[in-house]
Amino acid sequence: MVLEGLGKALNSALKKLFGAGVIDEELVKELVKDIQRALLQADVDVALVMQITERVQKQALDESLPRGVSRREHIIRVVWDSLAYFLGEKAVPLTINPGKPNLVMMVGIQGSGKTTTIGKLARYYQKRGVKTGVVCADNFRLGAFSQLKQLAEKSNVPFYGDETEKNAVKLAKRGYEEMVKRGVELILVDTSGRHREETGLIKEMQDIAKAINPQEIILVVDGTLGQQAGVQASAFKRATDIGSIIVTKLDGSAKGGGALSAVAATQAPIKFIGVGEGIDAIEPFNPTKFAGRLLGMSDIKGLIEKVKEAQVEVDEDAAMRLMKGQFSLNDMMAQLKQLKKMGPLGKVMEMLGLKYKLPEDVAELQEENLKRFEVIMNSMTKDELDDPKIIKSSRVRRVAMGSGTQAGDVKELLKQYEQMKKMLKAFGKSRRGRRGGLPGIPGLPGV
Ligand SMILES: Nc1nc2c(ncn2[C@@H]2O[C@H](COP(=O)(O)OP(=O)(O)OP(=O)(O)O)[C@@H](O)[C@H]2O)c(=O)[nH]1
Ligand SMILES: [Mg+2]
């Protein structure tokens, strides 16, 4: 897992929030301190840490809560948003005009991971149907030619290189022409990393860029540098306005949080991250998703949004009836319909981290089932709907006949009803004394 240390620390900070009885200023202060500690340990710049945590502190208690969102969820969202904000917020994919040659040049200081990253990108895009080719314009490092050639062969993409040519600009130009001839859409040019610091690197980058006119220049930065990565990124950002960044070696680096946040602070978009030595170890960088993953909660935000989208209303009447043991078939139908808006029931429970093992057939309840149930219910009397216990075998037969279904279908509906009732009762017992609905699902009475 990328940035495992930071993720664990942030996650355990949030766990305290889940475990707490009341959420007050004291608790938020503690949370903020935990987050500060976690970020500082990941080498995030102190000023940045302060900004992030001030944002959390301010919004956690001050903001009025959006409808249907609990304080806990709100705070998680604030922490999440704040982290995402400092990672650049929006995902910026590489733009590729299909059917045209798109020239992308890779730069970076010695050993940052340029060649490896080109190999990964070539495979990544080739797999996604973009005709990709690689060009070796590194005439400096021994073995650069064969390193890239081998990577190209692994993914079966066109390669251009010439070990006898010493001029990097010529190599890049010829490579470009060769790739255009072969109908390549994404041309990735590898350059040499003869530099140990930014100044020389930027000068060479500008020389080659002037000659080959790339559509985009990608700076490859070593994530193990921590916040130092920001120094390279900002020099790069000043030198070119067609630049984006790939941060490598985030696997196992304790300083990766520092690298990502420092680079994001320069406003140069991070497009990918390198997460291992293997050819598939690359991920498109999406700050929001990444922040969610760090917090170990990639699903909660989605869930909150879904709840809001579905506009699930608290059905207090149903909750009351249920508490009194008067859960009717109509109540069940209403619940199933509400849950359906949020996706499969099992998935919703899973997203909430609920340990309840749902009966298989409840969990897998599909649209078809719902429709059939509705048809069956249309053939029932009001008394039967209110109190399905009275539906014995002669009524089962009548209902089945009336609805054009089999007795088995009616029995299945009744079985489902019993299961749901039991489940909700069990759920109610385990949460007795708590007010409101299921955590995060205001619409499902928690009883
Ligand atoms: N763990 C890990 N190692 C990586 C990653 N990316 C690159 N490396 C390793 O970093 C080392 C240098 O990678 P290269 O791709 O050769 O770096 P380069 O920038 O092309 O190097 P020069 O051409 O010499 O400047 C290699 O050992 C790679 O396997 C990554 O995301 N994770
Ligand atoms: Mg290289």
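Our structure's up above, just so we're on the same page.
Residues numbered from 1 in each chain as written. Chains lettered and ligands numbered in written order. Predicted model: local features only at pLDDT ≥ 70, side-chain atom pairs only at ≥ 80, totals over all residues. Heavy atoms only, no water.

Section: the packing of aromatic side chains
The cut-off we apply is this: Pairing of aromatic rings covers Phe, Tyr and Trp, the last counted by its six-membered ring, and requires centre-to-centre distances within 6.5 Å; plane angles under 30 degrees mean stacked, over 60 mean edge-to-face, and any other angle means tilted. Note on exposure labels: buried denotes an accessible area under 20% of the residue type's maximum, exposed denotes more than 50%, and partly exposed covers the range between, all computed with a 1.4 Å probe on protein chains only. Helix numbers and strand numbers start at the N terminus; a helix is a DSSP run of H or I with at least 4 residues, a strand a run of E with at least 2.
Enumeration over the complete set of coordinates arrives at 6 aromatic pairs. A ring pair is formed by Tyr124 and Tyr125, whose centres lie 5.1 Å apart and whose planes are at 80°; its orientation type is edge-to-face. Overall, Tyr124 belongs to the buried group, its relative accessible area being 15%. Residues Tyr124 and Phe272 carry aromatic rings whose centres are separated by 5.2 Å and whose planes lie at 80° to one another, so their mutual orientation is edge-to-face. Of this pair, Tyr124 sits in helix H5 (residues 114-127) while Phe272 sits in strand S7 (residues 270-274), and the two are 148 residues apart along the sequence.

Quick word on a negative patch on the surface
Note the cut-off: Put simply, a patch holds well-exposed residues, over 30% relative accessible area, that have no salt bridge, with like charges counted together within 9 Å and Val, Leu, Ile, Met, Phe, Trp or Tyr side chains within 5 Å. Surface accessibility follows the Shrake-Rupley procedure with a 1.4 Å probe radius. Residue values consider only the protein chains on display as shielding. A pair is scored as a salt bridge if a Lys or Arg side-chain nitrogen falls within 4 Å of a carboxyl oxygen belonging to Asp or Glu. Charged residues are defined here as Lys and Arg on the positive side and Asp and Glu on the negative side; His and the ends of the chain fall outside this count. Charge coordinates come from a single atom per side chain, which is NZ of Lys, CZ of Arg, CG of Asp or CD of Glu.
A surface patch of like charges, here negative, comprises Asp24, Glu25, Glu26 and Asp62. Tracing the chain through its elements places Asp62 in helix H3 (residues 46-62). Its relative accessible area of 61% is what places Asp62 among the exposed residues.

Comments concerning a nonpolar patch on the surface
A contiguous nonpolar patch, built from Leu40, Val46 and Met50 and spanning about 240 Å² of accessible area, is present on the exposed surface. Note that Met50 resides in helix H3. Using a relative accessible area of 35% as the deciding quantity, one classes Met50 as partly exposed.

Some details on the site of ligand 1
To keep it simple, the criterion reads: Near residues are defined by distance, with any heavy atom within 4 Å of the molecule or strand qualifying the residue. Polar contacts, as counted here, are pairs of nitrogen or oxygen atoms within 3.5 Å of one another; within protein the pair requires one atom able to donate a hydrogen and one able to accept it, and residues that are adjacent in sequence qualify only if both atoms are side-chain atoms. Residues are grouped as follows: nonpolar covers Ala, Val, Leu, Ile, Met, Phe, Trp, Tyr, Cys and Pro; charged covers Asp, Glu, Lys and Arg; every other residue, Gly included, is treated as polar.
Ligand 1 sits among 19 residues. The nearest are Lys114, Thr115, Thr116, Arg141 and Asp251. Contact distances for ligand 1 include 2.9 Å between an oxygen atom and a backbone N or O atom of Gly113. Glu277 places a side-chain nitrogen or oxygen 2.9 Å from an oxygen atom of ligand 1. Compared with its free state, where it exposes 650 Å², ligand 1 has 82% of that area covered by protein. When residues in the shell around ligand 1 are grouped by element, the largest group, 4 residues, is from H5. Here the residues of the shell around ligand 1 sort into 1 nonpolar, 11 polar and 7 charged.

What to know about unusual backbone geometry
With the exception of glycine, the majority of residues adopt a negative phi angle, and the majority of peptide bonds are in the trans configuration. Even without being a glycine, Glu89 presents a positive backbone phi close to 65°. You can see Glu89 is positioned in the loop between helix H4 (71-86) and strand S1 (102-107). According to the relative accessible area criterion, Glu89 is partly exposed, its value standing at 42%. Unlike most non-glycine residues, Asn156 shows phi in positive territory, near 60°.

As for the sheet that holds S1
Counted only if it meets this: Strand pairing is defined by DSSP finding a minimum of two bridges between the two strands. Every residue pair with non-hydrogen atoms within 4.5 Å of one another is taken to be in contact. Only the contacting stretch of a helix is used when fitting its axis, a line to C-alpha atoms as for every element, and angles between N-to-C directions run 0 to 180 degrees.
Ordered in space as S3-S2-S4-S1-S5-S6-S7-S8, the 8 strands form an open sheet in which the pairing is mixed. The open sheet has two free edges, formed respectively by strand S3 (159-160) and strand S8 (282-284), since each of these has just one partner strand. Relative to strand S6 (residues 243-248), strand S5 (residues 216-222) runs parallel, the two being bridged by 6 bridges. Directly across from Asp222, in S6, lies its bridge partner Thr248. Of the strands in this sheet, S1, strand S2 (132-137), S3 and strand S4 (186-191) are in contact with helix H7 (residues 168-181), which crosses S2 at around 160°. Its contacts with the sheet put helix H9 (residues 229-239) on S1, S5 and S6, and the angle it makes with S5 is roughly 165°.

Let's talk about the environment of Val396
One can find Val396 in helix H19 (residues 393-403). C-alpha separation for the pair Val396 and Met380, spaced 16 residues apart in sequence, amounts to 9.4 Å. Apart from the residues within four sequence positions on either side, Val396 is in contact with Ile391, Ala407, Val410, Lys411 and Leu414.

Description of H19
Basically, it comes down to this: Working note: the arc is built from the helix axis to C-beta atom directions.
For H19, the set of buried residues is Val396, Val399, Ala400 and Ser403. Along the axis of H19, the buried positions cluster into a sector of 100°, meaning they face one direction only. Turned more than 90 degrees away from the buried face of H19 sit Arg397, Met401 and Gly402, all of them exposed. Of the residues trailing H19, Gly404 is marked for its positive phi of about 65°.

Section: the nonpolar core
Selection rule: Take the buried residues of types Ala, Val, Leu, Ile, Met, Phe, Trp, Tyr and Cys, join any two whose side-chain atoms come within 4.5 Å, and each joined set is a nonpolar core.
Formed by 74 residues in total, the largest nonpolar core has its most connected members in Ile245, Val247, Leu260, Ile273 and Phe290. Sort the elements by how many residues they give to this core and H4 lands first, with 8 residues. Those residues in contact with Leu260 that lie beyond four places of it in its chain are Leu3, Leu87, Val247, Leu250, Ile270, Ile273, Phe285 and Phe290.

Describing the pairing of S4
The element S4 is largely enclosed, with a buried count of 6 among its 6 residues. Residues Leu186, Leu188 and Asp190 point to one face of S4 and Ile187, Val189 and Thr191 to the other, with burial holding for every one of them. Relative to S4, S1 runs parallel, the two being bridged by 5 bridges. Along S4, the bridge assignment pairs Met105 with Val189. Relative to S4, S2 is paired through 6 bridges, and the arrangement is parallel.

Considering the side chain of Thr405
Position of Thr405 relative to the elements: it lies in the loop between H19 and helix H20 (407-430). Assessed through its relative accessible area of 16%, Thr405 is described here as buried. Filtering out sequence-adjacent residues up to four positions away, Thr405 remains in contact with Arg372, Ile376, Ala400 and Val410.

What to know about the pattern of salt bridges
For the coordinates displayed, the defined rule picks out 19 salt bridges. Note that Glu216 and Lys271 form a salt bridge whose closest N and O atoms lie 2.8 Å from each other. Pair noted here: Glu216 is in strand S5 and Lys271 is in strand S7, with a separation of 55 residues, a long-range link. We note that Glu216, like Lys271, is buried. Residues joined by salt bridges that share partners form a network here, namely Lys16, Glu30, Asp34 and Arg37.

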